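Architecture and fold: a report
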Amino acid sequence: MICIKALSILSSLLVAHASEELFEIHGSGTTNPSKCIWYIMSQFEAQTRAPTRLTYRAIGSGNGQEEFLGSHVDFGAGDIPIPKEDYEQTIVHIPFALSSVSFFYRIDGVGTVNLDGCTLAKILNREITHWNHKTIVDANPELKDKNLEITVCHRVHKSSSTKSITKFLNIKCPFEWTDDQVGSEIEWKEGTTAAEGSAGMAECVKNTDGAIGYMESGHGWDLGLSEVSLRNKENVYITSKEASDLHGITEAANLATTPPHAGDDWSDVHFIDQRGKNTFPIVLMSYIYVRRELEEYILDHNNRALLQMFLKALYMDEYFGECSKLGFNKVPTNIEAMAMAVIDPKTNEEIDTGIKWAWPVINGVSESEWKFESTIDPVVGAGEKVISSKRKSYQGVALEDVFAVEKLTDEEIENIVAILEMEFERLASNSHQQGQINSALVLAALSFTLWCCVIVGWIVKRFVLNI
């Protein structure tokens, strides 16, 4: 019954959407804010009456830049600006989120580890290979007797996390971590351990006693990994979590020098090692990359409008508020204002320098047909091209139904496990043959329910979540 219900929901969903025009945008890039981007996209798909499809491939900042510059996607995203050699005046950087990259470690039985930039550089260069090295012990006396080899985990392929930590090491200790060791993809010393993506890095650190690696701070928090306290520019040892709670992530952006316009060259901008007692030393700005002459790259004005709405949502509490729970911080108000000037230009100067949306002419006015409904707006809010927080599309309802089925299945499994435990207790006083029969029946029921879970999960991922 459970599987039949899930398949019925899926069938209705596919039929309902088959005959309607689909509006869509697609992007790729950094893994860091991917959950934030996916959340906003999923909300859009649930809140629009018209069928919409928004996708984002989390493949790393460098790869995202490559796909964006090659016009393989509608927009790119990264935690590093477009390099100077690839920058064109038709490219707009839209800064939308602040986060950080942290070093995480596993040393069983040890609570806190304090490290400065030069010590980290020597560890990653394999000049310091054990946790009880004198340089480490000077700042961490409890490691004195920890004769444990250090396993250095590092990312492979192009990664904004690698670019950020290598720039930090170069700024703090240029004689130890040289200019040729700075980049999103570098040559690592022999004896280090390669890790594929953030997930691979997490596994490397989590599964190896003595390991140290780096990843987006929020990811490490979610996994409950132990974070290194880094020494900042004011010589204060601080974790990214402590800095975030003290507004030290946003402060780094306030103190950094940024271009006056989103269409300028941002290649030299960074938020590494900024001043401030509460500032974390490795802060990232996440950007969306968009072409200014958008009509040449996205032909359908409805798809351009959907992209504009998505960009606006990045600065709306209704959408970005959930991203804050994932470890991201809002950009300072001056940067938000700069971004909105190109996303939704109002003045003649902004129109000249902003994104060219090329809207159709409606009643003598060139404007987008797409709107937000935040408070109830009768009749207008029912429009096909209104993104409404008051609406859930059939897809959203179907998704809730499937999740409800999954929840019911979980409850059934718990009940069957309880029955199984009771059955085994009863077997102690029953005949051997009857006990075997009862056990087989209970195990068969459990097996059937678990297979239903697998089928429902596959349906959700393949046809509803589209992953």
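Placed above this text is the structure.
Structural notes, computed from the coordinates. (Residues numbered from 1 in each chain as written. Predicted model: local features only at pLDDT ≥ 70, side-chain atom pairs only at ≥ 80, totals over all residues. Heavy atoms only, no water.)

**Some points on the overall build of the chain**
Broken down by element type, the chain carries 16 helices and 17 strands. In the chain, which comprises 467 residues, the proportion classed as buried is 50%. When the accessible surface of the chain is split by element, carbon and sulfur atoms take 52% of a total near 21,900 Å². (Helix = DSSP H or I, 4+ residues; strand = E, 2+ residues; numbered from the N terminus. Buried < 20%, exposed > 50% of the residue type's maximum accessible area, 1.4 Å probe, protein only. Areas by Shrake-Rupley, 256 points an atom, 1.4 Å probe, with all protein chains shown as cover.)

**Here we look at the packing of helix α2 (residues 34–47) against helix α12 (residues 317–324)**
Close contact between α2 and α12 brings their axes to 9 Å; oriented N to C, the two are set at 145°. The crossing of α2 and α12 is right-handed. Where α2 abuts α12, its residues Cys36, Tyr39, Ile40, Gln43, Phe44 and Gln47 lie against Glu318, Tyr319, Phe320, Glu322 and Cys323. Class assignment of the residues belonging to the contact of α2 with α12 gives a composition of 7 nonpolar, 2 polar and 2 charged. (Axes fitted to C-alpha atoms, helices over the stretch in contact; angles between N-to-C directions. Left-handed = near helix turned anticlockwise from the far one by under 90°. Contact = heavy atoms within 4.5 Å. Nonpolar A, V, L, I, M, F, W, Y, C, P; charged D, E, K, R; others polar.)

**Focus on the pattern of salt bridges**
The tally for this structure, following the rule as stated, stands at 17 salt bridges. Glu88 serves as the salt-bridge partner of Arg291, at 2.9 Å between the closest nitrogen and oxygen. Of this pair, Arg291 sits in strand β13 (residues 282–291) while Glu88 sits in the loop between β3 (75–78) and β4 (91–105); the two residues are 203 residues apart in sequence, bridging distant segments of the chain. Here Asp344 makes a salt bridge to Lys312, at a shortest N to O gap of 3.6 Å. (Salt bridge = Lys/Arg side-chain N within 4 Å of Asp/Glu carboxyl O.)

**As for helix α7 (residues 197–206)**
Buried within α7 are the following residues: Ser198, Met201, Ala202, Cys204 and Val205. Looking straight down α7, one finds that the buried residues subtend no more than 160° of arc, so they occupy a single side. Buried residues belonging to α7 abut β4, β6 (151–155), β7 (193–195), β8 (211–216) and α8 (217–223). (Arc of directions from axis to C-beta.)

**So, the sheet that holds strand β5 (residues 114–115)**
Spatial ordering of the open sheet is given by β5-β10-β11, a layout of 3 strands whose pairing is mixed. Across the chains shown, the open sheet's two edge strands, defined by having one partner strand only, are β5 and β11 (237–238). Pairing of β5 with strand β10 (residues 229–231), which is carried by 2 bridges, proceeds in the parallel orientation. Looking at β10, one finds that Leu115 is bridged to Leu230. (Pairing = 2+ DSSP bridges.)

**Focus: the layout of surface pockets**
In this structure, the second largest pocket occupies an estimated 540 Å³ of space. Counting residues per element, the ones that place at least two in the lining of the second largest pocket are α3 (61–69), α6 (160–172), β12 (271–272) and β13. Looking at the lining of the second largest pocket, its residues break down into 13 nonpolar, 6 polar and 9 charged. (1 Å grid on protein atoms, 1.4 Å probe; cavity = no way out; pocket = protein on both sides within 12 Å on 5 of 7 lines; lining within 4 Å. Points joined across faces, edges and corners; volume = space filled by probe spheres on them.)

**Some points on empty space enclosed by the protein**
Overall, the coordinates contain 1 cavity of 30 Å³ or more when judged by the stated rule. In this model, the largest cavity occupies a volume close to 30 Å³. Thr30, Thr31, Asn32, Gly60, Ser61, Asp79, Arg155, Ser159, Ser160, Ser161 and Glu216 are the residues that line the largest cavity. Class assignment for the residues of the lining of the largest cavity results in no nonpolar, 8 polar and 3 charged.

**Digging into unusual backbone geometry**
Backbone geometry at Ser71 places phi at a positive 60°, although glycine is not the residue there. Among the structural elements, Ser71 can be located in the loop between α3 and β3. A relative accessible area of 41% places Ser71 in the partly exposed class. With phi around 65°, His157 is a residue other than glycine that occupies positive phi space. Its place among the elements puts His157 in the loop between β6 and α6.

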